[in-house]
Amino acid sequence: MVPLLALVAQDGGTVYLGWGAFTIQLGNFIVIAAMVVLFVLALVLPFPKGRKRS
Amino acid sequence: MSTPTKERAAESGPDEIEPFSTWTGRARRWMLKKLPPDKLLPESQPSYVASWIYVFGMGAIASLAVVIASGLVLSLNGPSWWHLSGLGRFVNSTHLWSVEFFFLFMVVHLWGKFWMASWRGGRVLTWITGVFSFAVSIAAAFTGYLLQTNFESQWIAFEAKDALNAAGIGAWFNVANLGQMFTWHIVLLPLGVGAIVAFHVILVRMHGVVSPIDAAETDSQLANAKEASK
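Residues numbered from 1 in each chain as written. Chains lettered and ligands numbered in written order. Predicted model: local features only at pLDDT ≥ 70, side-chain atom pairs only at ≥ 80, totals over all residues.

Caption draft 1: Seen up close, the overall build of chain A. Helix and strand content of chain A: one helix and three strands. Burial status across chain A gives 0% buried among its 54 residues. (Helix = DSSP H or I, 4+ residues; strand = E, 2+ residues; numbered from the N terminus. Buried ≥ 20, exposed ≤ 12 C-beta atoms within 10 Å, placed from the backbone.)

Given below as structure tokens:
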């Protein structure tokens, strides 16, 4: 089975992931994935109730 | 000296017909009409705002405050301080990570606003100022990468130089000139980002937070908001 994103290069401490012609640095991939996760969570998680005003 | 008519006008408030003859009086009347104090600093928001998707704009502004505060400390102490001292490296990292969070929150805010078509209801300029603040922030971040004063910043500068020369602005915006980039990064671009973000927030206050797409026209909150804006 071919993994969706595989390690394609390692230059010093920098790791690159790739899928066909597509290549992305691991740090950039983590930030983009975090944004997508945050967006989905913002849509599905319930918002806490505010304090009641008299 | 003011006439009795002007004095009466000043006491009667912005809703009355006032014969203001000075530009300050007319400006005050216009500003109070466009953005009355209860809209500028509201005590409550419509119930649809109680969702996590509405918090990312404020998250970006909070991050921007940390970016500016940490950047001010860095610029006052200089490159040798942020390279060599422990505290300097900590503040340098704080500056980097607050920028990461600023862009992260801004992009999620952008996605949320795009999918709810938040330019509806006369909010086109709010959307456009948001786009501009994103673009100017990218320029500010780029000049920040040039100020790292290390081999990476040198590499970025000499790669970007070719692109900027090809665009015909390399002589005016010279990425190899550290002093010029410093001025862009700590004066001109922060002023630009700050002014656009402030205008963006004022527009949000003027027009109110956009309602969800599926909110009916007969929604009582929307009807009340329309009534209040008349």
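Resuming the write-up.
Caption draft 2: Representation of the environment of Gly130 of chain B in the model. Residues and elements named next belong to chain B. Here Gly130 lies in helix H7 (residues 124-146). Sequence separation of Gly130 and Met106 is 24 residues, and the distance between their C-alpha atoms is 9.2 Å. Aside from chain neighbours lying at most four places away, what touches Gly130 is Lys113 and His200. (Contact = placed C-beta atoms within 7 Å.)

Caption draft 3: Fine view of the sheet that holds strand E3 (residues 22-25) of chain A. Residue and element names in this part refer to chain A. Spatial strand order, E1-E2-E3: three strands in an open sheet with antiparallel pairing. Single-partner strands in this sheet number two, and they are strand E1 (6-11) and E3. Here the strands of the sheet are splayed against their neighbours by 30° on average, with no regard to which way each runs. With five bridges joining them, E1 and strand E2 (residues 14-19) adopt antiparallel strand pairing. Bridging across to E2, Leu7 finds its partner in Leu17. Packed on one face of the sheet, helix H1 (residues 26-44) meets E2 and E3 and runs near 90° to E3. (Pairing = 2+ DSSP bridges. Axes fitted to C-alpha atoms, helices over the stretch in contact; angles between N-to-C directions.)

Caption draft 4: Inspection of the confidence of the model for chain B at higher detail. Summarising the model, chain B shows a mean pLDDT of 88, and 86% of its residues fall at 70 or more. For this predicted complex, the interface confidence comes out at an ipTM of 0.79, alongside a pTM of 0.83. (pLDDT = per-residue confidence, 0-100.)

Caption draft 5: Main features of the pairing of E3 of chain A. Summarising the sheet, E2 of chain A and E3 of chain A pair through four bridges and their orientation is antiparallel. Considered in E3 of chain A, the bridge of Tyr16 of chain A is made with Gln25 of chain A.

Caption draft 6: The interface of chain A and chain B, seen in detail. With 10 residues of chain A at the contact, the number on the chain B side is nine residues. Residues of the side of chain A that touches chain B, tallied by class, amount to nine nonpolar, one polar and no charged. (Nonpolar A, V, L, I, M, F, W, Y, C, P; charged D, E, K, R; others polar.)

Caption draft 7: Molecular detail of the environment of Val108 of chain B. Position of Val108 of chain B relative to the elements: it lies in helix H6 (residues 86-115). Under the C-beta neighbour-count criterion, Val108 of chain B is labelled buried, with 25 such atoms within 10 Å. Taking the C-alpha atoms as reference points, Val108 of chain B and Gly57 of chain B, separated by 51 residues in sequence, lie 8.6 Å from one another. Apart from residues lying up to four places away in sequence, Val108 of chain B is in contact with Met35, Leu38, Phe39 and Ala42 of chain A together with Phe56 of chain B.

Caption draft 8: Region of the structure containing the packing of H7 of chain B against helix H9 (residues 178-207) of chain B. Residues and elements named next belong to chain B. Relative to each other, H7 and H9 sit at 160°, their axes nearing to 9 Å. Here H7 lies roughly antiparallel to H9, going by the angle between them. As for the relative orientation of H7 and H9, their crossing is left-handed in sense. In terms of residue class, the contact of H7 with H9 is made up of 16 nonpolar, 11 polar and no charged. (Parallel < 35°, antiparallel > 145°, perpendicular 65-115°, else oblique. Left-handed = near helix turned anticlockwise from the far one by under 90°.)

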